[in-house]
Amino acid sequence: MEQRGSPDRTWYLVLDGTTDVVTRSREFARRALTAWQWLPGAADEDREAAEDVLLLVSELVANACLHGGGPGALLLDCTEERLRIEVTDGNPAPPVPLRPGSLLRPGQPGGHGLLIVERLSRGWGSQPGPDGKCVWVEVACPSPVREAWARP
C-alpha cells in the first residue's frame, strides 16, 4: 500500500498488479474515513454518508475491473467541503451510464453502477490520462467533518 500527498487529506493506493482490489479499496477507504472522522459517525446520516462513500469506491473499482482492464490506482482527496474519489484504469473510453430499459436482456444483473454513482454523488466524470482514464466522483463532507476541519 502506498500513501502519498498530505496524510491528513490525500490518500493514494496503487492497485495495479494486486488481487482482491474491491475489498482492498473498501478497507483502504474505511481507514481514510476513520482518520478523517467520518467514521464511526455520531449521527445516522453521518454513518450513511460514510457507507455511501464505501459503495462509491466499490462501484468505481468494480467498473474499472469490468470495463477498464483493471484499476491502476485509487485516490481519496478530502477537503473541508468535499471528498473526491478517483480511480484510474487502462481503457481510454469514457464510462457511459445505462438508462432504464437499456439492458440487453430483462433481468440481466449489473449495468446499474453508474446510476448509483449519479444518485449518491454531487458530481462525477472522467478525464483522459496518459495510459487510459481517470473516473472521479465528488461527495459533500458531513457537517461534523466540515466543522472539525474548519477549526483553527
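A few points on the structure. Keep in mind that what you see is a predicted model, and the values were worked out from it rather than measured.

What counts and how
Residues numbered from 1 in each chain as written. Predicted model: local features only at pLDDT ≥ 70, side-chain atom pairs only at ≥ 80, totals over all residues. Heavy atoms only, no water. Helix = DSSP H or I, 4+ residues; strand = E, 2+ residues; numbered from the N terminus. Contact = heavy atoms within 4.5 Å. Areas by Shrake-Rupley, 256 points an atom, 1.4 Å probe, with all protein chains shown as cover. Core = buried A, V, L, I, M, F, W, Y, C linked by side-chain atoms within 4.5 Å. Buried < 20%, exposed > 50% of the residue type's maximum accessible area, 1.4 Å probe, protein only. Pairing = 2+ DSSP bridges. Axes fitted to C-alpha atoms, helices over the stretch in contact; angles between N-to-C directions. Polar contact = N/O pair within 3.5 Å; in protein donor to acceptor, adjacent residues only side chain to side chain.

For the chain, the helix and strand inventory stands at 4 helices and 5 strands. Listing each helix as α and each strand as β along the chain from the N terminus yields β-α-α-β-β-α-β-β-α. Considering only contacts within the chain whose residues lie at least 6 apart along the sequence, 60% involve residues at least 24 apart. Of the roughly 8300 Å² that the chain leaves accessible, carbon and sulfur atoms contribute 53%.

Another aspect to go through is the nonpolar core. Membership of the largest hydrophobic core comes to 34 residues, with the highest contact counts inside it found for Leu33, Trp36, Trp38, Leu74, Leu76, Leu83 and Ile85. Looking at this core element by element, the count peaks at 9 residues for helix H2 (residues 44-67). If we ignore the near neighbours within four places in the chain, the residues touching Ile85 are Val53, Leu56, Val57, Leu60, Leu74, Leu75, Leu76, Val135, Trp136 and Val137.

Here we come to the sheet that holds strand S3 (residues 82-89). Here we have 5 strands laid out as an open sheet, ordered S1-S2-S3-S5-S4, and antiparallel in their pairing. Strands with a single pairing partner mark the edges of an open sheet, and in this sheet they are strand S1 (10-14) and strand S4 (123-129). Ignoring strand direction, the axes of neighbouring strands in this sheet form an average angle of 15 degrees. The pairing of strand S2 (residues 71-78) with S3 spans 7 bridges and is antiparallel.

Further remarks concern the pairing of S1. The buried count for S1 comes to 4 of 5 residues, which makes it a mostly enclosed element. In terms of strand pairing, S1 meets S2 through 5 bridges, oriented antiparallel. Looking across to S2, one finds that Thr10 is bridged to Asp77.

Turning our eyes to something else, we now look at the side chain of Asp77. Among the secondary structure elements, Asp77 is positioned in strand S2. A polar atom in the side chain of Asp77 sits 2.8 Å from the side chain of Thr10. Discounting chain neighbours no more than four positions away, the residues touching Asp77 are Arg9, Thr10, Arg82, Leu83 and Arg84.

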